[in-house]
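# A look at the structure
Letter by letter, the chains look like this.
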Amino acid sequence: MPLHRRTPPLSSLQVPALGACLLSSLLTVSLPAQAEQTAASTRWVSDSLTSFVRSGPTDGYRIVGTLSSGQQVELLGSQGDYSQVRTPNGNAVWIPSRDLQSVPGQAERLPQLEQQVAQLSAELAGIDDNWKARVQGMQETLDSRKALIDDLQATRTKLNAELTSARSQLRDAQAQLGAEQQQVLMRYMVYGGGIAGAGLLLGLILPTLLRVRRKRNDQWI
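About the criteria used
Residues numbered from 1 in each chain as written. Predicted model: local features only at pLDDT ≥ 70, side-chain atom pairs only at ≥ 80, totals over all residues. Heavy atoms only, no water. Helix = DSSP H or I, 4+ residues; strand = E, 2+ residues; numbered from the N terminus. Buried < 20%, exposed > 50% of the residue type's maximum accessible area, 1.4 Å probe, protein only. Areas by Shrake-Rupley, 256 points an atom, 1.4 Å probe, with all protein chains shown as cover. Patch = residues over 30% accessible without salt bridge, like charges linked within 9 Å, V, L, I, M, F, W, Y side chains within 5 Å. Salt bridge = Lys/Arg side-chain N within 4 Å of Asp/Glu carboxyl O. Pairing = 2+ DSSP bridges. pLDDT = per-residue confidence, 0-100. Contact = heavy atoms within 4.5 Å. Core = buried A, V, L, I, M, F, W, Y, C linked by side-chain atoms within 4.5 Å.

## Digging into the overall build of the protein chain
The helix and strand tally for the protein chain stands at 2 helices and 7 strands. The helix and strand sequence of the protein chain, counted from the amino end, reads α-β-β-β-β-β-β-β-α. When burial is assessed residue by residue, the protein chain has 21% of its 221 residues classed as buried. A total accessible area of about 16,400 Å² is found for the protein chain, and carbon and sulfur atoms account for 58% of it.

## Topic: a nonpolar patch on the surface
A cluster of nonpolar side chains, namely L200, L201, L204, I205 and L209, defines an oily patch on the protein surface of about 500 Å² accessible area. Among the secondary structure elements, L200 is positioned in helix α2 (residues 106–220). Given the relative accessible area of 56%, L200 is considered exposed.

## Observations regarding the pairing of strand β4 (residues 72–79)
In terms of strand pairing, β4 meets strand β5 (residues 82–86) through 5 bridges, oriented antiparallel. Bridging across to β5, Q79 finds its partner in Y82.

## A word on the confidence of the model for the protein chain
Confidence in the prediction for the protein chain averages 76 pLDDT; 74% of positions are at 70 or higher. At the low end of the mean pLDDT range in the protein chain sits helix α1 (residues 17–37), at 45; at the high end sits β5, at 94. Throughout residues 1–33 the model reports pLDDT below 50, and contacts reaching past four residues in sequence, or to other chains, amount to 46 contacts.

## So, the environment of R43
Mapped onto the secondary structure, R43 falls in strand β1 (residues 42–45). For R43, a relative accessible area of 22% translates into the label partly exposed. Sequence separation of R43 and P104 is 61 residues, and the distance between their C-alpha atoms is 7.6 Å. When residues no more than four places from it in sequence are discounted, the contact partners of R43 are Q71, Q72, V73, L75, L100, Q101 and S102.

## What to know about the nonpolar core
Of all hydrophobic cores here, the largest spans 8 residues; its members are V53, V64, L67, V73, V85, V93, I95 and L100. Elements that contribute at least two residues to this core include exactly β3 (63–67) and β6 (92–96).

## A look at the pattern of salt bridges
Under the counting rule described, the total for this entry stands at 2 salt bridges. A salt bridge links E74 to R86, with the shortest nitrogen-to-oxygen separation between them at 3.9 Å. Taken together, the residues E74 in strand β4 and R86 in strand β5 connect sequence positions 12 residues apart. When its relative accessible area of 35% is taken as the criterion, R86 is described as partly exposed. Two residues, D128 and K132, come together in a salt bridge whose shortest N-O distance is 3.3 Å.

Pasting the structure below:
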């Protein structure tokens, strides 16, 4: 049964640069999940070639068409090095088993990978925005704390200046008080000396006056 000839090999397909770069890193993650979702009888033509298909399970059978890389087929059975598959148009043909794989081709996986890349890029952008917001918040907090520290330092400097001035005034007051106390002490000493001298003088004069008075009284008698 003749098959409709399809597109050239994958090497002529234009694959977006982003998908090609990320294919190797995301392939390991996407292959297991994709393989579990694939029916046991589903196969894909290998990405590396455009495979000729034959009417029988050996190289001796005639070529009846080609299958393009990444094309999905249904596995019907295997014999020797060939596998019988059903093509999308319903034809049953034989293809070398080495040209089949149990996972979708790159062309089919590429949109999914691109979607994953877009999702990861969006998540990365969200993380970046969140981190920028956190950094900005921390910077604002740091600025406010720095301003508070500057205010506290200014207040401390002012209080230190006031304390120094108060100590200076206290020393001046203490010196003035000491001088006044010395003056008061000197006054007390002068007053005390004067009183003591007056008492001594009175003690010397009073007996003399009494003797004189007695003599006068005796003369009148």
